[in-house]
Amino acid sequence: SLAVFLGGMALVSQLGTEFLPTLNEGAIAINAVRLPSASLEGSVAAGTMIEQRLAKFPEIETIVTKTGRAEISEDPMGPEQNDFIIMLYPEETWKTGRTKEQLVTAIQEELAAVPGIRLSFSQPIALRVNELISGVKSDLAVKIFGPDLSILKEQANRIAAVMQKVEGAEDAKVEQVSGFSQIEIAIDRQAAARHKINIADINDVVETAIGGKIASTVVDGQMRFAIQVRFPEKDRRDIETIGRILVNSPEGPAVPLAQLAQIRETEAPAQISRESGMRRVVVECNIRGRDMGGFVAEVQEKLAEITGTLPTGYYIRYGGQFENQQRAMERLSLVVPASIGLIFLMLFSALGNLRSALLVLSNLPFALVGGIVAVLLLGINISVAAVIGFIALFGIAVQNGTVLVSFFNELCARGATPENAVRDGCALRLTALTMTTLTTLLGLLPMVIATGSGSEIQRPLAAVVLGGLITSLVLTMIVLPVLYCKIETWVCSRQIAD
């Protein structure tokens, strides 16, 4: 029994880990990002063109495109971003023979021909949950923190190049922090001094012409509307027109703005993201075909060289679904021992002595082995659902032991020796224990083989309980009676000797 337990523990290193199993939502979500300078009209036109390409796939039922999102939302987007929500026909009606993963690959190949966009594939619910909980739209995010945006961008590009080479990395991309064009007006102070023009007067003219100022108010009944005066939009975007703006001079004629300042178009940050008061740039990717824990471990190993060479004041944190997994596992590391402690207290109160409670509790390690073997054979990763399955298993696994040990105690109280109590107790309780376990196993079997909506969450929980009950039943009927007989015989002999 000890060898079986140690062998089961040795299998733990072969288990994959993840936050939650990937649910099949029956839909695909594609996030498309263009340059920050993209106009709303351009994004709408690009979205229509992508919809037409997607409509060629017979598995797709409907496509809805969302362009941008309001700033008051929890996850605002600029007009340069499109979210494509693709609803699929039920997979059993597909005539192409493709799986959903193969369909996603085919869509990637089709949209690869569209220039100027970056695509990230997910599912509608998963996309929103990832973004709202961790602030990113992908499974894994590597966040680089530091004060200088250019250095952050440089390090992010290095990290992205490494992540793309890791097996299982898909849709790897760097947060778009540049590519936004703006018109910069740098005042020439010497030129302004020659014309005896104050800097404040120049700024006032620029603000009035481009930003606009309130000139008057229109009164309509009880309502008042401010009248803002400024250049038409086409003139506010034209450098030559801005350069011809006249600035009054106390020396005489008005001076064109082009003679008082350098007017040029420059590239500015599209956004500056902060977290915990620090600037940060995110490198994110989705994980396909492997478990999250193994993928992150490999990424951390490959990024060790970059992490060790970061300038002073710069550091890396991991986020996305991995961050959720770490947070959940940290909390469960407290919940699981607390659950075992509560089980022990209830056993002690029910059986009345410490020896019996510890004997029943010895079921748990072997139930753990069965759960580990079950998830390994079924190719299931250890997730929050699987850990909750272990908690449920611990509660169920002690039932058979409690029934058996309490019956042994009852027979001993009637005057039977420990050996006779074990023989008679096992003979009388074998059928009841076996049927109780079988009914539970048969009840869980549909959850293990189910393929419907939500089955991905149910399967890890059911598989853990299924495998754990099998091994715990073997322990209950073979190992537990032997331990009870030897321990109680030793206790009786000590009592006689005293």
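Notes on the structure in this doc start here. All of these numbers come straight from a predicted model, not from anything done at the bench.

**What about unusual backbone geometry?**
Then, in step 1: Within the chain, Lys196 stands out as a residue other than glycine whose phi angle is a positive 55°.
Then, in step 2: Take Lys196: it is sitting in the loop between helix H6 (189–194) and helix H7 (199–211).
Then, in step 3: We note that Ser276 has phi near 55°; this positive angle belongs to a residue other than glycine.
Then, in step 4: Relative to the helices and strands, Ser276 resides in the loop between strand E13 (273–275) and strand E14 (278–287).

**Description of the sheet that holds strand E4 (residues 118–122)**
The strands that make up a sheet pair up through hydrogen bonds in the backbone, lying either parallel or antiparallel.
Then, in step 1: With antiparallel pairing, the four strands of this open sheet are ordered in space as E2-E3-E1-E4. Where the open sheet ends on each side, the last strands, each with one partner, are strand E2 (60–69) and E4. Put simply, the sheet's adjacent strands are angled 20° from each other on average, direction ignored.
Then, in step 2: Relative to E4, strand E1 (residues 27–33) is paired through five bridges, and the arrangement is antiparallel. Across the sheet, Ile30 pairs through a bridge with Phe121, a residue of E4.
Then, in step 3: Here helix H3 (residues 100–111) sits on the sheet in contact with E1, E2, strand E3 (77–88) and E4, set at roughly 25° to E1.

**Focus: the packing of helix H14 (residues 363–377) against helix H15 (residues 384–413)**
Then, in step 1: At a closest axis distance of 9 Å, the pairing of H14 and H15 adopts a crossing angle of 130°. As far as their axial angle goes, H15 and H14 are oblique. Of the two possible hands of crossing, H14 and H15 adopt the one that is right-handed. Along the contact surface, H14 presents Asn363, Leu364, Ala367, Leu368, Gly371 and Ile372, while H15 presents Phe390, Leu393, Phe394, Ala397, Val398 and Gly401.

**Quick look at the packing of helix H12 (residues 321–351) against H15**
Then, in step 1: With their axes 11 Å apart at the nearest point, H12 and H15 run at an angle of 10° to one another. With respect to H15, the axis of H12 lies roughly parallel. For H12 against H15, the interelement crossing comes out right-handed. Mapping the contact onto sequence places Ala328, Met329, Leu332, Val335, Val336, Ser339, Ile340, Ile343, Leu347 and Leu351 in H12 and Val384, Val387, Ile391, Phe394, Gly395, Val398, Thr402, Val405, Ser406 and Asn409 in H15.

**Section: the pattern of salt bridges**
Then, in step 1: Scanning all chains against the criterion turns up 14 salt bridges.
Then, in step 2: In this structure, Lys56 engages Glu110 in a salt bridge whose closest nitrogen and oxygen atoms are separated by 3.8 Å. A residue pair is termed long-range when its members are at least 10 positions apart, and Lys56 in the loop between helix H2 (40–54) and E2 and Glu110 in helix H3 qualify at 54 residues.
Then, in step 3: Given the relative accessible area of 21%, Glu110 is considered partly exposed.
Then, in step 4: For Arg280, the salt bridge goes to Glu275, with nearest N and O atoms at 3.3 Å.
Then, in step 5: Overall, the relative accessible area of 24% leaves Glu275 in the partly exposed class.

**So, the nonpolar core**
What tends to happen in soluble globular proteins is that the nonpolar side chains get buried as a cluster.
Then, in step 1: Counting 46 residues, the largest nonpolar core has Leu347, Ile382, Phe390 and Leu393 as its most contacted members.
Then, in step 2: Elements supplying a minimum of two residues to this core: H12, helix H13 (354–361), H14, H15, helix H16 (418–449) and helix H17 (455–497).
Then, in step 3: Core analysis: the next-biggest nonpolar cluster, separate from the first, contains 28 residues, Leu152, Val177, Ile287 and Phe295 among them.

**Section: the environment of Ala374**
Then, in step 1: Following the sequence through the fold, Ala374 ends up in helix H14.
Then, in step 2: Look at Ala374 and you get buried, because its relative accessible area is 13%.
Then, in step 3: Ala374 has contacts with Ala463 and Gly467, leaving out every residue within four places of it along the chain.

**Here's the deal with the pairing of E3**
Then, in step 1: Within E3, nine of the twelve residues are buried, leaving the element largely enclosed by the surrounding structure.
Then, in step 2: Bridging between E1 and E3 involves seven bridges; their strand directions are antiparallel. Each bridged residue has a counterpart across the sheet, and for Ala32 the counterpart in E3 is Asn82.
Then, in step 3: The pairing of E2 with E3 spans eight bridges and is classified as antiparallel. Residue pairing for E3: Ile63 is matched across the bridge by Ile86.

**Focus on the packing of aromatic side chains**
Then, in step 1: Within the structure shown, the criterion is met by four aromatic pairs.
Then, in step 2: Here the aromatic rings of Phe5 and Phe366 are separated by 6.4 Å at their centres, their planes lie at 50°, and the arrangement is tilted. A residue pair is termed long-range when its members are at least 10 positions apart, and Phe5 in helix H1 (residues 2–10) and Phe366 in helix H14 qualify at 361 residues.
Then, in step 3: With a relative accessible area of 23%, Phe5 lands in the partly exposed category.
Then, in step 4: According to the relative accessible area criterion, Phe366 is buried, its value standing at 16%.
Then, in step 5: Considering the side-chain rings of Phe145 and Tyr315, the 5.0 Å spacing of their centres and the 10° angle between planes classify their relative orientation as stacked. Of this pair, Phe145 sits in strand E5 (residues 140–145) while Tyr315 sits in strand E15 (residues 315–320); the two residues are 170 residues apart in sequence, bridging distant segments of the chain.
Then, in step 6: Overall, Tyr315 belongs to the partly exposed group, its relative accessible area being 30%.
Then, in step 7: Lying across the ring of Phe407, Arg429 places its NZ or CZ 4.0 Å from the centre.

Quick notes on the rules
Residues numbered from 1 in each chain as written. Predicted model: local features only at pLDDT ≥ 70, side-chain atom pairs only at ≥ 80, totals over all residues. Heavy atoms only, no water. Helix = DSSP H or I, 4+ residues; strand = E, 2+ residues; numbered from the N terminus. Pairing = 2+ DSSP bridges. Axes fitted to C-alpha atoms, helices over the stretch in contact; angles between N-to-C directions. Contact = heavy atoms within 4.5 Å. Parallel < 35°, antiparallel > 145°, perpendicular 65-115°, else oblique. Left-handed = near helix turned anticlockwise from the far one by under 90°. Salt bridge = Lys/Arg side-chain N within 4 Å of Asp/Glu carboxyl O. Buried < 20%, exposed > 50% of the residue type's maximum accessible area, 1.4 Å probe, protein only. Core = buried A, V, L, I, M, F, W, Y, C linked by side-chain atoms within 4.5 Å. Phe/Tyr/Trp six-rings, centres within 6.5 Å; stacked < 30°, edge-to-face > 60°. Lys NZ or Arg CZ within 6 Å of the ring centre and 35° of its normal.

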